[in-house]
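Examination of the molecular architecture
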Amino acid sequence: VQLQASGGGLVQAGGSLRLSCAASGRYNMGWFRQAPGKERELVAAIGWSGTGTNYADSVKGRFTISRDNAKNTVYLQMNSLKPEDTAVYYCTASRTAITRVPSGYDYWGQGTQVTVSS
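This is a predicted model, so every value here is computed, not measured. (Residues numbered from 1 in each chain as written. Predicted model: local features only at pLDDT ≥ 70, side-chain atom pairs only at ≥ 80, totals over all residues. Heavy atoms only, no water.)

1. Quick notes on the sheet that holds strand S8 (residues 73-78)
Rule in force here: Whether two strands pair comes down to DSSP finding at least two bridges between them. In this text, helices come from DSSP runs of H or I with a minimum length of four residues, and strands from runs of E with a minimum of two, each type numbered from the N-terminal end. Angles here are taken between N-to-C directions and fall from 0 to 180 degrees, while the axes themselves are lines fitted to C-alpha atoms, restricted in helices to the stretch in contact.
Spatially, S1-S3-S8-S7 is the arrangement adopted by the 4 strands of the open sheet, whose pairing is antiparallel. Of all the strands in the sheet, just strand S1 (4-6) and strand S7 (63-68) have a single pairing partner and so form its edges. Averaged over all neighbouring strand pairs, the angle between strand axes comes to 15°, with direction disregarded. The pairing of S7 with S8 spans 6 bridges and is classified as antiparallel. Each bridged residue has a counterpart across the sheet, and for Asp 68 the counterpart in S8 is Thr 73.

Spelled out as structure tokens, the structure:
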């Protein structure tokens, strides 16, 4: 499975970005992020059908994960961005249940940098 993430960039605090990840196959999908010196953490995950989602507490109400299976694409809409959202964001795919643990995901994209300036 090849995961191709795009949409990162530099944005001012309070701004928005939308990340996209192209992925073929029937997988549960997630977005993780990793800031310098910090552990990789789950940002959001979504089940294959799109009905089940899971968010980190720090992004609830600001970020929305969605998917378009006809286009084999998963999205992460990020609004009201904060400097602490700055990190490399990774798209991931899991053949099993949604989990917050990185080891629960089978495939990883290359990562896209998101930088939020204050």
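2. Some points on the confidence of the model for the chain
So the rule is basically this: pLDDT measures how confident the predictor is about each residue, on a scale from 0 to 100.
Here the chain shows a mean pLDDT of 95. Residues at 70 or above account for 100%. Averaged pLDDT values for the elements of the chain fall to 89 in S1 and rise to 98 in strand S2 (residues 9-12).

3. Digging into the state of the cysteines
Basically, it comes down to this: The definition used for a disulfide is geometric: two cysteine sulfur atoms within 2.5 Å. Each residue gets one of three labels from its accessible area relative to the maximum for its type: buried under 20%, exposed over 50%, partly exposed in between, using a 1.4 Å probe on protein chains only.
Evaluated as defined, the whole model comprises 1 disulfide. Note on cysteine connectivity: Cys 21 is disulfide-linked to Cys 91, with sulfurs 2.0 Å apart. Taking the sign of the S-S torsion, about -85° here, the bridge from Cys 21 to Cys 91 comes out left-handed. Here the residue Cys 21 occupies a position in strand S3 (residues 17-22), and Cys 91 occupies one in strand S9 (residues 87-94), the gap between them amounting to 70 residues. A relative accessible area of 0% means that Cys 91 is categorised as buried.

4. Considering the side chain of Arg 67
For clarity, the threshold we go by: Asp and Glu are treated as the negative residues and Lys and Arg as the positive ones, with His and the ends of the chain left uncounted. Within this document, salt bridges are pairs made up of a side-chain nitrogen of Lys or Arg and a carboxyl oxygen of Asp or Glu, the two lying within 4 Å of each other. We define a polar contact as two N or O atoms separated by no more than 3.5 Å, with the added condition that, inside protein, one atom must be a possible hydrogen donor and the other a possible acceptor, whereas residues neighbouring each other in sequence contribute only through side-chain atom pairs. Note on definitions: a residue-residue contact is assigned when non-hydrogen atoms from the two residues lie within 4.5 Å.
You can see Arg 67 is positioned in strand S7. The side chain of Arg 67 is buried and forms no salt bridge, while Asp 68, the nearest opposite charge, is found at 8.4 Å. Of note is the side chain of Arg 67, whose polar atom sits 2.8 Å from the side chain of Asn 69. Once residues within four sequence positions are removed from consideration, Arg 67 is found in contact with Tyr 27, Asn 28, Met 29, Ile 46, Gly 47, Trp 48, Gly 50, Thr 73 and Val 74.

5. Re the environment of Glu 84
Following the sequence through the fold, Glu 84 ends up in the loop between S8 and S9. Under the relative-accessibility criterion, Glu 84 is labelled exposed at 54%. As for Glu 84 and Ser 94, which are separated by 10 residues in sequence, their C-alpha atoms are 26 Å apart.

6. Details of the packing of aromatic side chains
The cut-off we apply is this: Two rings from Phe, Tyr or Trp (for Trp, the six-membered ring) form a pair when their centres sit within 6.5 Å of each other. Planes less than 30 degrees apart are called stacked, planes more than 60 degrees apart edge-to-face, and all others tilted. Any Lys NZ or Arg CZ that is within 6 Å of a ring centre and within 35 degrees of that ring's normal is treated as a charge sitting over the ring.
Scanning the entire structure with this criterion turns up 5 aromatic pairs. Ring centres 5.6 Å apart and planes at 70° place the aromatic pair Tyr 27 and Tyr 107 in the edge-to-face group. Placement of Tyr 27 in the loop between S3 and strand S4 (28-34) and of Tyr 107 in strand S10 (residues 107-108) is noted, with a sequence separation of 80 residues between them. Between Phe 32 and Tyr 105 the ring centres are 5.1 Å apart and the planes differ by 80°, which places this aromatic pair in the edge-to-face class. Here Tyr 105 lies in the loop between S9 and S10 and Phe 32 lies in strand S4, a separation of 73 residues in the sequence. By the ring-pair criterion, three or more aromatic residues cluster together here, those being Phe 32, Tyr 90, Tyr 105 and Trp 108. One cation-aromatic arrangement involves Arg 40 over Tyr 90; the distance from NZ or CZ to the ring centre is 4.0 Å.

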